[in-house]
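Listed below, chain by chain, are the residues.
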Amino acid sequence: VEGADLDDLDAIVVLAGGLTEVGGVPKWVEGRLNTALKMHDQTGSVILCTGAGTPHKAPILLPNGHVLHESTVCAQYLIDRGVSPENIIK
């Protein structure tokens, strides 16, 4: 973020990178999200959270049987740290 020209930023894109075994954010994704949070604080730009899963691991299922998507976990991480849901696209 330091030294970057953020004046003409349309959106901040965060690539997910998996989930922990209990459905949390791995450290490497946490770093990406924290950088996006700093950029959002500086610019007010929307944050696009990507990620659904991988074919290499079974998905984590919610009690209702739906898949817990990486993008949902990333969005919740940002919301828990003060980003308005209206500023998040997933």
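For the structure itself, consult the block above.
Below: a short report on this structure.

## Details of the overall build of the protein chain
Move 1: The secondary structure content of the protein chain amounts to two helices and three strands.
Move 2: The order of helices and strands in the protein chain, counted from the N terminus, is β-α-β-α-β.
Move 3: By its C-alpha atoms, the protein chain is 40 × 25 × 20 Å across when sized along the principal axes.
Move 4: With 90 residues in all, the protein chain has 31% of them scored as buried.

## Comments concerning the pattern of salt bridges
If charged atoms from side chains of opposite charge come close, those side chains can pair.
Move 1: Within the structure shown, the criterion is met by one salt bridge.
Move 2: In this structure, Glu30 engages Lys27 in a salt bridge whose closest nitrogen and oxygen atoms are separated by 3.9 Å. With a gap of three residues between them, Glu30 and Lys27 both fall in helix H1 (residues 27-43), about one helical turn apart.
Move 3: Residue class for Glu30 comes out partly exposed when judged on its relative accessible area of 23%.
Move 4: Judged by its relative accessible area of 66%, Lys27 is exposed.

Thresholds applied
Residues numbered from 1 in each chain as written. Predicted model: local features only at pLDDT ≥ 70, side-chain atom pairs only at ≥ 80, totals over all residues. Heavy atoms only, no water. Helix = DSSP H or I, 4+ residues; strand = E, 2+ residues; numbered from the N terminus. Buried < 20%, exposed > 50% of the residue type's maximum accessible area, 1.4 Å probe, protein only. Salt bridge = Lys/Arg side-chain N within 4 Å of Asp/Glu carboxyl O.

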